[in-house]
Amino acid sequence: MSEQVKTGHPKGLYFLFFTEMWERFSYYGMRAIFILFMTKVLLMKDADASEIYGSYTGLVYLTPLLGGYLCDKFLGNRRSILIGGLLMAIGQFFMFFSASAGANGGVSLMWMGLTAIIIGNGFFKPNISTMVGQLYPANDRRIDSAFTIFYMGINLGAFFSPLVCGSMDFKWGFLAAGIGMLIGLVAFILGQKKYLISEDGKHIGLPVKKLDAKSIGMIIGSIAIIFFMLNFKQMFKSDLDIISYFIYGAMVAMPVLIFSDKSLSKIEIQRITVIFILAFFVIFFWGAFEQAGASLTLFADRQVDRQIKIVIPAWLIVGSGVVTMFYLSKGLQWFFNWTSKIRYVVFGIVSALLIVFMFTGHIEDFMKNEFPASWFQSVNPLAVILLAPLFSILWDFLYKFKAEPSSPKKMAIGLGLVALGYVIIAIAVKGLGLGEKVSMWWLIALYVIHTMGELCLSPIGLSMVSKLAPLRLSSLMMGTWFLANAAANKFAGTLSALIPGGEDGTGPATSFLGFQITNLYEFFVLFIIMSGVAAAILFVLSSWLEKRMHNDHVEVIPELDR
């Protein structure tokens, strides 16, 4: 094997990078405008929209359990990705039709769109990242850097999508998200046979066997159940939130199921206990962090001064387009095996068209006098891209001096940083009167601090579970971690529903466990208390947890569990 093969990465990695980037573009583009769409177009109350948002994002973390099972038993990675990508694209187009219909008929179309996206995500999410590892021989030292490159695709998609989908009308934003998913899907279809090959020449991700009637029934049943749960309140005119009972009930049942296994040794019980305790604290972290797509987006829309003068001259837009096309043509040449002559012809034609459009007035100066509320969703992925290398250097530096915090301590630090972010925004809104707004830089500061917390906590995730869980229970424990993320996202929606004021700032007060919330300051204080207390308790427990991990140092693969 040549040195190039040993040190470089297979082309399949960049192929998967491209596919995942467009899938995340689709998901985060829709997520950035979803709650604003529900309150502005479907005319829902903040509380109802928040609960739906939490149910949607919670179920998104549950369906990978079904998708992963069907992939391993029948479909294989490739077919799972194709099914998932197609369903998600269909779901985004349903959202487009929902936005086009508006309050009259749009809600039913939204349920269909959400169901398709949720089920599609279940097939797509667990399988594309699995194939990254399959490209390499076992224990290959390049796998860590491969995942770092792969997750950069996630953040690139998450960065650009709010800027694109949030800069247009809601229906066009959903359509853009759907088109983005189709781009990734078409690229995957065209390149899968050529690029999804391991270094020993084996095709990866192929179907295991044909689906049997039982599994087909399982898929159809899952679609029906999710559509029913999402649509339950509207169908029966009920306030009962059956999705909460389903997710939280599963969280309670899972430890009972696992600890009832009489074959568990003392050390295994202790390690599993650590996983469950950390999963519990993860709920508080993501419950506060995931306000980004819910209450913090409503706050950005209504109480943040977003007046700003943005002018990008046409020549700069065209120049950026030409530079982008230069690199894009290189990618197309690589993907389709073009000759250099074909590549330069394509590059020249597109560049010439851009210049002609500028001089004929079809491309004009881009001017924006207001920073869209959805654009704040791009702060987090940009901060991840910029700060992740610095955190990696920091952990490596501390590890050399045997001062790197353990996994529980990193999680406690992450929770503390989330609390700090809310301290910043609470200071900004204290004493805020009706109609008054805060500077956007307060909210940007919150997102940057929260990203630092994410970089402390998120890379632990699945890697820690895989190292602590007994091999025979590894899949079940992975499911537990996904379940904790589902519960956290559902909890985030429940907390977002507590935001007071409404559209005009004169809505009724809310309460949580007896704590009255009459203004934004008290709303954000709730997150300070919740995250701060959780951080303090976890920090105190960390030494006790470390002993029960039975591992002096747990190395983790850099990942962002998005």
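Everything below is about the structure shown above.
The structure displayed is predicted, hence computed values, not measured ones. (Residues numbered from 1 in each chain as written. Predicted model: local features only at pLDDT ≥ 70, side-chain atom pairs only at ≥ 80, totals over all residues. Heavy atoms only, no water.)

Asks: Account for the packing of aromatic side chains, naming residues and giving values.
Replies: Enumeration over the complete set of coordinates arrives at 40 aromatic pairs. Ring centres 5.1 Å apart and planes at 85° place the aromatic pair Trp-286 and Phe-289 in the edge-to-face group. A residue pair is termed a helical-turn pair when its members lie 3 or 4 positions apart in one helix, as Trp-286 and Phe-289 do in helix H9 (residues 266–289) at three residues. Each member of the pair Trp-286 and Phe-289 is classed as buried. With a centroid separation of 5.1 Å and 80° between ring planes, the pair formed by Phe-523 and Phe-527 is classed as edge-to-face. In this pair, Phe-523 and Phe-527 both sit in helix H18 (residues 520–549), four residues apart, roughly one turn of the helix. (Phe/Tyr/Trp six-rings, centres within 6.5 Å; stacked < 30°, edge-to-face > 60°. Helix = DSSP H or I, 4+ residues; strand = E, 2+ residues; numbered from the N terminus. Buried < 20%, exposed > 50% of the residue type's maximum accessible area, 1.4 Å probe, protein only.)

Asks: Tell me about the environment of Met-367, and name the residues and values.
Replies: As for its position among the elements, Met-367 is in strand S3 (residues 366–370). Taking the C-alpha atoms as reference points, Met-367 and Lys-309, 58 residues apart in sequence, are found 7.5 Å from one another.

Asks: Just give me the short version of the pattern of salt bridges, but keep the residues and values in it.
Replies: Here the structure, examined in full by the defined rule, presents 10 salt bridges. Between Lys-409 and Glu-546 there is a salt bridge, with its nearest N and O atoms 2.9 Å apart. Of this pair, Lys-409 sits in helix H14 (residues 407–429) while Glu-546 is found in helix H18, placing the two residues 137 residues apart along the sequence. Classification of Glu-546 as partly exposed rests on a relative accessible area of 25%. Each of Lys-40, Asp-301, Arg-306 and Glu-370 takes part in salt bridges that share partners, so that together they form one network. (Salt bridge = Lys/Arg side-chain N within 4 Å of Asp/Glu carboxyl O.)

Asks: For a nonpolar patch on the surface, give the residues involved together with the corresponding values.
Replies: On the surface, a nonpolar cluster with roughly 420 Å² of combined accessible area is contributed by Val-345, Ile-349, Leu-353, Val-356 and Phe-357. Structurally, the position occupied by Val-356 is in helix H12 (residues 340–359). Owing to a relative accessible area of 44%, Val-356 belongs among the partly exposed residues under this scheme. (Patch = residues over 30% accessible without salt bridge, like charges linked within 9 Å, V, L, I, M, F, W, Y side chains within 5 Å. Areas by Shrake-Rupley, 256 points an atom, 1.4 Å probe, with all protein chains shown as cover.)

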